[in-house]
Amino acid sequence: MSQNQTPLFSGLLEHAKKNPTQFHIPGHKKGAGMDPEFRQFIGDNALSIDLINIGPLDDLHSPKGMIKKAQELAAEAFGADHTFFSVQGTSGAIIAMVMAVCGPGEKIIVPRNVHKSIMSAIVFSGSIPVFIHPEIDRELGISHGITPESVERALQQHPDAKGVLVINPTYFGISGDLKKIVEIAHSYDVPVLVDEAHGVHIHFHDELPLSAMQAGADIAATSVHKLGGSMTQSSILNVREGLVSAKHVQSILSMLTTTSTSYLLLASLDTARKQLATKGKELIDRTIKLAQSTRKKINEIDHIRCIGEEILGSNATFDYDPTKLIISVKDLGLTGYDVEKWLREKHNIEVELSDLYNILCIITLGDTEVETNLLVKALKELAEECEHRSTKVEPVEVLLPEIPVLALTPRDAFYAETEVIPFDESEGRIIAEFVMVYPPGIPIFIPGEIITKENLHYIKENLEAGLPVQGPEDDEMKTIHVIKEYKAIK
């Protein structure tokens, strides 16, 4: 088969052309039973292929026809032995990936700065996390990756681990030496699992970091929708046979996946794969050039810095993705969230992420100089506004709390008997829920960790800055769930 083919999308179009009388779900019946305003907005073309797994259209749970062919083409394009489509986003693919290698009481080596979906997978599977401290960038206030040396130490201490999980690249586009990490893990016969949520495009251009499959990893959850051109919520799971069983992965995915799979999402994966495989290098080449020229223009603005190759050099910053614009704004005396709000309100510009010190803007296949020039112009205006403030404002000081100590496994803590206590009185207690800023969704606390004064202060700093702190049942963060303590009866 040729990478120019789209067996799934083409098959759906052929089926829609036949215009069959439908006595099956979805109940809107090609839009006829839908709210007219929504139908008009979405369009009849899209609704005509919003279908269900009837005979001619194959079944994601047991593919034998057009979905099987589409997945085989994707495997070829991504250098995998098997590729599985996910309509549960990369979070669903990550949970399946972890559960496919780890069971109750089994160890998995993971960086502490993982996405909440990985911690959810650890809770669901009952596995025991062995945390590796990621390298911290104290200038930017962000975490990078893990080093080969730290993986080696972890495996020496825990040779019975069932997997090593690596983020490649991080949300901010930074990659460690994945190939070396894979070699080390494989010397212990331990599979490498990769959270590749922010790296679908890296496989298709040799100026970008190595992809999971190129580095020899065993299984990788990859967001096609984030940077690869498919619809939101559509992702893939790439598998290399050997240390991981593809059939077991398929059965776990089937347990976690809805039986009413969206053919719109599946078709968008099929067509995104075609574009990446046939035109990816050319499109990404243009994207990299656009990002680099934008970076250069931003770096000409006073008190604003867009991070580039200078970030490389440590074992955890082995390579980087230049299409991610990490823009440090702390020297303006503003938080990243201040800048995000200012860009929204003054220039109708939305960024990917803001934190206490930075904003993150992504440049993709869909961008042109029109959009990037708007961003540069807006940032120049902001810098000029700050320059003419009546009072001198000091740069924002970077605050980085220590990683908490894990006292219970996340699963044991999540399902333990709990009590609700005031947030301000929780220091020293064992937390029973997640606390994170989303995006990026990296937990400040996970269930089972001991609450520290420093991290309580860090949460307050994020709340006061207006950043979206999520996780606890109490949205206002006045109370928090902790493991119930039983005191001696007097």
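Provided above is the structure to which this section pertains.
Residues numbered from 1 in each chain as written. Predicted model: local features only at pLDDT ≥ 70, side-chain atom pairs only at ≥ 80, totals over all residues. Heavy atoms only, no water.

A. Structural context of the sheet that holds strand E19 (residues 469-470). The strand order across the open sheet formed by three strands is E18-E17-E19, and the pairing between neighbours is antiparallel. With partners counted over all chains shown, the strands left at the sheet margins are strand E18 (442-445) and E19, one partner each. Pairing geometry for strand E17 (residues 435-437) and E18, over three bridges, is antiparallel. If you follow valine 435 over to E18, its bridge partner there is phenylalanine 445. (Pairing = 2+ DSSP bridges. Helix = DSSP H or I, 4+ residues; strand = E, 2+ residues; numbered from the N terminus.)

B. Spotlight on helix H15 (residues 453-465). Taking 1.5 Å of rise per residue, the 13 residues of H15 would be expected to cover 18 Å, and the 18 Å separating its terminal C-alpha atoms lies within 8% of that figure. Of the residues making up H15, those classed as buried are Asn455, Leu456, Tyr458, Ile459, Asn462 and Ala465. Those residues of H15 that are buried are in contact with helix H12 (336-347), E17, E18 and E19. Two residues or fewer after H15 comes glycine 466, characterised by a positive phi angle close to 95°. (Expected span 1.5 Å × (residues − 1). Buried < 20%, exposed > 50% of the residue type's maximum accessible area, 1.4 Å probe, protein only. Contact = heavy atoms within 4.5 Å.)

C. Representation of the sheet that holds strand E11 (residues 305-306) within the structure. The strand order across the open sheet built from four strands is E11-E13-E15-E14, with neighbouring strands paired in antiparallel fashion. With partners counted over all chains shown, the strands left at the sheet margins are E11 and strand E14 (353-354), one partner each.

D. Structural context of the pairing of strand E13 (residues 324-328). Of all five residues in E13, five are buried, a share of seventy percent or more. Here E13 shows two buried faces, one formed by Lys324, Ile326 and Ser328 and the other by Leu325 and Ile327. Pairing analysis gives two bridges linking E11 to E13, with the strands arranged antiparallel. By the bridge assignment, arginine 305 is partnered in E13 with serine 328.

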